[in-house]
Every structure is written in C-alpha cells, then in structure tokens.
Amino acid sequence: MAKSAVLKSSIAKKVAMALSGIFLISFLSLHVSLNLVSVFSKDAFNEASQFMGYNPVIQFVMQPILALGVLFHFIMGFVLEYKNNKARPIAYAKYNGAAGASWASRNMIVSGLVILAFFGLHFYDFWFAEISYKYIEGNAIDATRYYPELVEKFHSPIRTGLYCIAFLLLSIHLWHGFNSSFQSVGFNNKFSKSLHKLGYAFAILVPFGFIFIALFHHFNN
C-alpha cells in the first residue's frame, strides 16, 4: 500500500511537471513571435510592446502566473531529480547512463540550471528595468523606447553569446521535455507520432528563432 501511494505521488509530480512545461511552451511561442516583429518593423514592435507593458490583465494576472509557473517547473524538476537519484540502487557500481537514455534526458537538470540562470539575466535586463522605469522612477509613457532598449542589450558580444548559449541549451531541454510531457500526461494515441515530430520541430525553431533575433540585432545595429 505504501509503495502504491509513493508511486501515485511520483506520477502526480511528473504530471504536474509536464503541465507546467506545456504552459511555459505556450509562453515561449508568444515571446518569440513578439520578438520576431522587431526584425521586420521597429514601429510594430514598439506598439506591441507598449500593449504588453501596460495591459493590466497581462501585467497583474498573466505575469504573476508566468513567474509562479517558472518557479514551480524548476522546483519540481529538482525534486524529481533528487528522488530519482535517491531511488537508484546503490548496488550499481558503474552506472552507464548512455545505455538507455539520450544525453538530453540524462542532463535535464544541467540544462535546466543554465536556463534558470538565463532567466535571471533576462529578468534583470528587461523585467526589472521595466518595473524600475514605470513604478520606481515614475516615467511617463514613451511608446518609442522599446526597440532601442532591445537593441542596446545586444551590443555586447559577450552578452549576445551568453544568450545564444542559453537558447542552445533551451533547445536541448525542449527536445526531451516536450515529448516527455505528453508521455507523462498519458497522451498516447494515433496522433502521438505527429506530436513527437511537432515537439522536435518546436525544440529547434523556437530557440533558434531567439538566437536569430539576438544575432540580427547584434550585427545590424
């Protein structure tokens, strides 16, 4: 009975982890779409950013939910990694991790930690700067400031390189995470094969979309 309860608890944690991951995937899709606008139109990017920056639903409902979703996803990842390591039999003198799992699946915690550090840099660069501009300094609304602020962040080759490395690791993280999320919630039917392909495409297109944006603004401005 105790084993059954532990198993159910573990499954519930994996499902919660998967659902939070799927939620964050939807955020990434929206975020890369918005940032891609900056490549094609400065004015359209400023307009879209102003809407996102001053819309009360986005600012006071969606942003807190997103922040909690990020924290929950990473905390659950650390918890599950700890439990998996604890449950691994000590008798295995030599554990060959590559035998039955990909590099991405065996290093989710490593890529996750780097991505978490990237989120810290990203929040420092954009979210904290935005909060300071609007609520601490009390500046008036300026609908033209967003594009120059974005471009300025990618002047430094070191900062641009850090962003690109983080997005590369995000691609690796998503490569495994997207598909394992659907497995965790029990989505296994005739559409599974197509969803796996969609997951792999997402894991490549979205992170490399971010890399393209960073390199574009670094070399063109």
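1. Comments concerning the environment of Gly-177
Here's step 1: Within the secondary structure, Gly-177 is located in helix α7 (residues 157-184).
Here's step 2: Looking at Gly-177, the relative accessible area reads 15%, which means it is buried.

2. Things to note about the nonpolar core
Here's step 1: Leu-28, Phe-167 and Leu-174 are the most contacted members of the largest nonpolar core, which totals 31 residues.
Here's step 2: Of all the elements in the fold, those that place two or more residues in this core are α1 (2-40), α3 (56-87), α5 (108-136), α6 (146-153), α7 and α8 (192-220).
Here's step 3: Other than its neighbours up to four places away in sequence, Phe-167 contacts Phe-118, Pro-207, Phe-210 and Ile-211.

3. Concerning the pattern of salt bridges
Here's step 1: Taken as a whole and judged by the stated rule, the model has six salt bridges.
Here's step 2: Between Arg-159 and Asp-125 there is a salt bridge, and its shortest N-O distance comes to 2.7 Å. Of this pair, Arg-159 sits in helix α7 while Asp-125 sits in helix α5, and the two are 34 residues apart along the sequence.
Here's step 3: Residue classification places Asp-125 among the buried positions, given a relative accessible area of 2%.
Here's step 4: Each of Asp-125, Glu-152, Lys-153 and Arg-159 takes part in a single network of salt bridges with overlapping partners.

4. Quick word on helix α2 (residues 42-54)
Here's step 1: Under the 1.5 Å per step criterion, the end-to-end length of α2 is 18 Å for 13 residues, consistent within 8% with the ideal 18 Å.
Here's step 2: For α2, every residue scored as buried is listed here: Phe-45, Asn-46, Ser-49 and Gly-53. Seen end-on, α2 carries its buried residues on one side only, within an arc spanning 100 degrees. Structural note: α2 exposes Asp-43, Glu-47 and Phe-51 on the side pointing more than 90 degrees away from its buried face.
Here's step 3: If you check the start of α2, you find a side-chain oxygen 3.1 Å away from the backbone N of Ala-44, and it comes from Ser-41.

5. Quick word on the environment of Ile-204
Here's step 1: Summarising the element assignment, Ile-204 is placed in helix α8.
Here's step 2: With a relative accessible area of 39%, Ile-204 lands in the partly exposed category.
Here's step 3: Spatially, the C-alpha atoms of Ile-204 and Leu-174 are 8.5 Å apart, while their sequence positions differ by 30 residues.
Here's step 4: Once residues within four sequence positions are removed from consideration, Ile-204 is found in contact with Ser-171 and Trp-175.

6. Focus: the packing of α2 against α6
Here's step 1: Orientation of α2 relative to α6, taken along the N-to-C sense of each, is 100 degrees, at an axis distance of 8 Å. As judged from the angle between their axes, α2 and α6 are roughly perpendicular. When α2 is examined against α6, the residues Lys-42, Phe-45, Asn-46, Ser-49, Gln-50 and Tyr-54 are found in contact with a partner set consisting of Tyr-146, Tyr-147 and Leu-150.
Here's step 2: Across the contact of α2 with α6, the residue classes break down as five nonpolar, three polar and one charged.

7. Examining the side chain of Ser-38
Here's step 1: By the secondary structure assignment, Ser-38 is in helix α1.
Here's step 2: At a separation of 2.9 Å, a polar atom in the side chain of Ser-38 contacts the side chain of His-217.

8. Quick look at the environment of Glu-152
Here's step 1: Turning to its location among the elements, Glu-152 is positioned in helix α6.
Here's step 2: With 65 residues separating them in the primary sequence, Glu-152 and His-217 have C-alpha atoms 8.6 Å apart.

9. So, the packing of aromatic side chains
Here's step 1: The final tally for this structure, using the stated rule, is seven aromatic pairs.
Here's step 2: Ring plane angle 5 degrees and centroid distance 4.6 Å describe the contact between Phe-167 and Phe-210, whose orientation is recorded as stacked. One end of the pair, Phe-167, is in helix α7; the other, Phe-210, is in helix α8, with 43 residues separating them in the sequence.
Here's step 3: The buried category is assigned to Phe-167, whose relative accessible area is 6%.
Here's step 4: On the basis of relative accessibility, which here comes to 6%, the residue Phe-210 falls in the buried class.
Here's step 5: Consider the rings of Phe-212 and Phe-216, whose centres lie 6.0 Å apart with planes at 40 degrees: the pair is tilted.

10. Some thoughts on the side chain of Asn-46
Here's step 1: Following the sequence through the fold, Asn-46 ends up in helix α2.
Here's step 2: A polar contact is formed between the side chain of Asn-46 and the backbone nitrogen of Tyr-146, at a distance of 3.3 Å.
Here's step 3: Among residues more than four places away in sequence, those in contact with Asn-46 are Ala-143, Thr-144, Arg-145, Tyr-146 and Tyr-147.

Criteria and cut-off values
- Residues numbered from 1 in each chain as written.
- Predicted model: local features only at pLDDT ≥ 70, side-chain atom pairs only at ≥ 80, totals over all residues.
- Heavy atoms only, no water.
- Helix = DSSP H or I, 4+ residues; strand = E, 2+ residues; numbered from the N terminus.
- Buried < 20%, exposed > 50% of the residue type's maximum accessible area, 1.4 Å probe, protein only.
- Core = buried A, V, L, I, M, F, W, Y, C linked by side-chain atoms within 4.5 Å.
- Contact = heavy atoms within 4.5 Å.
- Salt bridge = Lys/Arg side-chain N within 4 Å of Asp/Glu carboxyl O.
- Expected span 1.5 Å × (residues − 1).
- Arc of directions from axis to C-beta.
- Polar contact = N/O pair within 3.5 Å; in protein donor to acceptor, adjacent residues only side chain to side chain.
- Axes fitted to C-alpha atoms, helices over the stretch in contact; angles between N-to-C directions.
- Parallel < 35°, antiparallel > 145°, perpendicular 65-115°, else oblique.
- Nonpolar A, V, L, I, M, F, W, Y, C, P; charged D, E, K, R; others polar.
- Phe/Tyr/Trp six-rings, centres within 6.5 Å; stacked < 30°, edge-to-face > 60°.

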